[in-house]
Each structure stands twice: as C-alpha cells, then as structure tokens.
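Topology and contacts: notes
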Amino acid sequence: MLSQSLNYLNGEGIGNQVLGISYAVQGNYAKALKAYIKALDLRSQAKDTLGMAQNLANIAGIYYSQREYAQAEDYSLQGLSLMQERNDTFGLANTYHALGLINIEQDQLQSARTYLEKSVDFHEHISETSAYSSGILQAIGDIYERQGNRQQAMTFYNRAVEKAKMIGDHRTTVNAALHKTNLLTKQNRYLDAYRVLNEIEPLAEQMDLKRELVAIHYQKNQIDSLRGDFASALTQYQKYMSYKLQIQKDSREENLSELRIQFETEQRETENELLKRDQILKEAELAAQETTIRNQRYLNLG
C-alpha cells in the first residue's frame, strides 16, 4: 500500500510538473509557479529527491524569468544541496550554471565566475564534447573582461571558440569569436580582429545567422573607420543595414503570422460557439414542438 501511495504521489507530481512546463512555455508564469510548487510538495511527500531537485530548478527558472533573482538563488541553492546529497554530476553541472547566471544578474561577478568554472569542470567530467561547455566558457570570458582582466578574458574566449568548433556548435563558434574580436579591437589589434571576422563571416552566412552578421559588419565598419579605410567602412555599413532591415522584416512577418493564427483560432472558436448555440436553439425548438403536439393530443383526447 505504501508503494502504491508513493507511486501515486510521484505520478501526480510529474503531472503538475508537465502542467507547469506547459504554462511556462505560454508565458503564464503565475500558473506555472503554482503547478511547480504543487509538484514540489507532492515529490517531497513521496521523498523523491531527484524530482524535488528538478522542481526546485523549475521554480528558480520562473523567478529568474521574472527577474526576481534573490528567490531564484534561494531555490537554486536548495536544489544544489539535494544534488550534492545525491552526488548527481549532471544536476550539479546545471545547477552551478544556473547559479552563475543568477549571480551575473546580481552583479556578483566573483561568485558567478566560481559557479561557472565549477559547472564547466562537471560538464567536461561528464563529456569532453559537452554541448554546454562552450557557452559557459564564453560567459566566464565576459566576466573576466568586465573585471578588467583582458588576458584571462581572451584565454576563455579562445577556449570557447575551440570547444564550439570541436563539437560542431556553429552559432557559439561565431558568437564566441565576436566577443574575441571585440576585445581585440579594444586592444587596437585591428588586423587580428579583421582576420577572425573574415573567418567567421562565411560560417554565419552558411547558417543564416542574421543577428551575428549584423554584429560582424558593424565591427568591420568600426575597424575600417578607425583605420581610415572609409570606402570599406561604407561597404560594411551598407551590409550592416541590409541585414538589420532583413531582421526587422522577418520580425514583422513573424508578428503578422502570429496575429493571423490568433485571429483564425478566435474565429474558429467563435464559429464553434455559434454552432453550439444554433444547435441548442434547434433542440429547444424541437422540444417546444413536441410539447405542443403532446398538448394538442391531450386536448383532442379530452
């Protein structure tokens, strides 16, 4: 009986977690939070520490999305404690990553860097080809740059680029390289920066990374201007504006598509509601006719 009760609690917990995920995807954070807290309570009753840790991470994610970083940190630390008890390597890697991102938003750069470095260590312990490592290495580079340690920042940007190339993560390859070229430009290493930008431009074009292409041509425009090559600067500016306008057009079309889908959905719902009302009226009319016929028969019999 105890086993059945625990299975029921776990099943209900999973159901509420799935419901929370659904609400979170829709952007309904209030309902998502309510479902996650319910799931956490059920998992707690079932003594399911893995499920509890997952739900604590879910709740922390909601608070992070709402920029309530103190609450996000609190729930993440509760989850970290459970992951440490379980010696869950993957869970620890993800929780340290989350805590690092939270601390960045709180401007607690030293602790953020410590958490992110621990996350990288765990991810690389799991697999040298972890898809998470390159992005985290880039974030550590950003922290070092904000702290004024450009040498260490460059070291981590280089590691991020190398890791991204190794696992075939083209978007992170381009993004990490852009952080690197931005730093090279600040160091007046214009030729080095331009060389890297030329290397990643074909990859960004191949992947149709428009936002990254905007950044590439913007940086090239800035470098050309600093070097006094105004003809090339103009060409780069034109390319920069071209991609920027494409992004704006794509955004408008996406918004129109969403509005069209919303309108069509509401229209179908309205049509269905009218059909239901029509059916109800018809049924009421038939019922009235049947009542009239019965009454007429009764009168005829009388």
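That block above? That's the structure.
Residues numbered from 1 in each chain as written. Predicted model: local features only at pLDDT ≥ 70, side-chain atom pairs only at ≥ 80, totals over all residues. Heavy atoms only, no water.

On a plain count of helices and strands, the protein comes out with 12 helices and zero strands. Walking the protein from its N terminus toward its C terminus, one meets helices and strands in the order α-α-α-α-α-α-α-α-α-α-α-α. Looking at the protein as a whole, 37% of its 302 residues are labelled buried. Pairs at least 24 apart in sequence give 53% of the contacts found in the protein among residues at least 6 apart. If you sum the accessible surface of the protein, you get close to 18200 Å²; carbon and sulfur atoms cover 51% of it. (Helix = DSSP H or I, 4+ residues; strand = E, 2+ residues; numbered from the N terminus. Buried < 20%, exposed > 50% of the residue type's maximum accessible area, 1.4 Å probe, protein only. Contact = heavy atoms within 4.5 Å. Areas by Shrake-Rupley, 256 points an atom, 1.4 Å probe, with all protein chains shown as cover.)

Within the fold, lysine 180 resides in helix H9 (residues 170-186). Despite being buried, lysine 180 has no salt bridge partner; glutamate 199 is the closest side chain of opposite charge, sitting 6.7 Å away. A distance of 2.8 Å separates polar atoms of two side chains, one belonging to lysine 180 and the other to asparagine 158. Other than its neighbours up to four places away in sequence, lysine 180 contacts Met154, Tyr157, Asn158 and Val196. (Lys, Arg positive; Asp, Glu negative; His and termini not counted. Salt bridge = Lys/Arg side-chain N within 4 Å of Asp/Glu carboxyl O. Polar contact = N/O pair within 3.5 Å; in protein donor to acceptor, adjacent residues only side chain to side chain.)

A few words now on H9. Structurally, the α-helix is built with 3.6 residues per turn, so residues lying three or four positions apart point the same way. Relative to the 24 Å expected for 17 residues at 1.5 Å per residue, H9 spans 25 Å between its end C-alpha atoms, a close match to the ideal helical length. By the burial criterion, the buried members of H9 are Thr172, Thr173, Val174, Ala176, Ala177, Leu178, Lys180, Thr181, Leu183, Leu184 and Thr185. Each element contacted by the buried residues of H9 is listed here: helix H7 (133-146), helix H8 (150-167), helix H10 (190-206) and helix H11 (210-227). Among the residues trailing H9, asparagine 188 stands out with phi positive, at a value near 65°. (Expected span 1.5 Å × (residues − 1).)

Not every positive phi belongs to a glycine, and asparagine 87 is a case in point at roughly 55°. Secondary-structure assignment places asparagine 87 in the loop between helix H4 (69-86) and helix H5 (89-105).

Inspection of the secondary structure assignment puts tyrosine 243 in helix H12 (residues 230-301). Not counting chain neighbours up to four residues away, the residues in contact with tyrosine 243 comprise Glu205, Lys210, Leu213, Val214 and His217.

The next thing to look at is the packing of aromatic side chains. Taken as a whole and judged by the stated rule, the model has eight aromatic pairs. On the basis of an interplanar angle of 65° and a centroid distance of 5.6 Å, the ring pair of tyrosine 64 and tyrosine 69 is categorised as edge-to-face. We classify tyrosine 64 as partly exposed; its relative accessible area is 29%. Its relative accessible area of 17% is what places tyrosine 69 among the buried residues. (Phe/Tyr/Trp six-rings, centres within 6.5 Å; stacked < 30°, edge-to-face > 60°.)

Let us look at the pattern of salt bridges. For the coordinates displayed, the defined rule picks out 11 salt bridges. A salt bridge links glutamate 199 to arginine 195, with the shortest nitrogen-to-oxygen separation between them at 3.1 Å. Residue glutamate 199 and its partner arginine 195 are both found in helix H10; the two are separated by four residues, about one turn of the helix. A relative accessible area of 46% means that glutamate 199 is categorised as partly exposed. Taking relative accessible area as the criterion, arginine 195 reaches 42% and is therefore assigned partly exposed.

Another point: the packing of H5 against helix H6 (residues 109-126). For any two helices packed against each other, the geometry comes down to the angle between their axes and how far apart the axes lie. Here H5 crosses H6 at 155°, and the two axes come no closer than 8 Å. What the angle tells us is that H5 and H6 run roughly antiparallel. When the axes of H5 and H6 are compared, the crossing they make is left-handed. Contact with H5, carried on its side by Thr89, Phe90, Leu92, Ala93, Asn94, Tyr96, His97, Leu99, Gly100, Leu101, Asn103 and Ile104, involves Ser111, Ala112, Tyr115, Leu116, Lys118, Ser119, Phe122, His123, His125 and Ile126 of H6 and no other residues of that element. For the contact of H5 with H6, the class distribution of residues is 12 nonpolar, nine polar and one charged. (Axes fitted to C-alpha atoms, helices over the stretch in contact; angles between N-to-C directions. Parallel < 35°, antiparallel > 145°, perpendicular 65-115°, else oblique. Left-handed = near helix turned anticlockwise from the far one by under 90°. Nonpolar A, V, L, I, M, F, W, Y, C, P; charged D, E, K, R; others polar.)

Summarising the element assignment, asparagine 55 is placed in helix H3 (residues 49-65). C-alpha separation for the pair asparagine 55 and leucine 33, spaced 22 residues apart in sequence, amounts to 9.8 Å. For asparagine 55, the residues in contact, after removing those within four places along its chain, are Gln17, Tyr36, Ala39, Leu40 and Arg43.

Now for H7. Taking 1.5 Å per residue as the helical rise, H7 with its 14 residues ought to reach 20 Å, and the 20 Å between its terminal C-alpha atoms agrees with that figure. Within H7, 11 of the 14 residues are buried, which leaves it mostly tucked inside the rest of the structure. Along H7, the positions that sit buried rather than exposed are Ser133, Ser134, Ile136, Leu137, Gln138, Ala139, Ile140, Gly141, Ile143, Tyr144 and Glu145. Close packing links the buried residues of H7 with H5, H6, H8 and H9. Once H7 finishes, glycine 148 follows within two positions and takes phi at roughly 85°, a positive value.

Moving on to the packing of H10 against H11. Packing of H10 against H11 leaves a shortest axis separation of 10 Å and a crossing angle of 155°. By the angle between their directions, the pair H10 and H11 is classed as roughly antiparallel. As H10 packs across H11, the resulting crossing turns out to be left-handed. Across the interface between the two elements, Tyr190, Leu191, Ala193, Tyr194, Leu197, Asn198, Ile200, Glu201, Ala204 and Glu205 of H10 pack against Leu213, Ile216, His217, Gln219, Lys220, Ile223, Asp224, Leu226 and Arg227 of H11. Along the lines of polarity and charge, the residues of the contact of H10 with H11 split into 11 nonpolar, three polar and five charged.

Bear in mind that shape data such as this cannot, by itself, settle questions of function.
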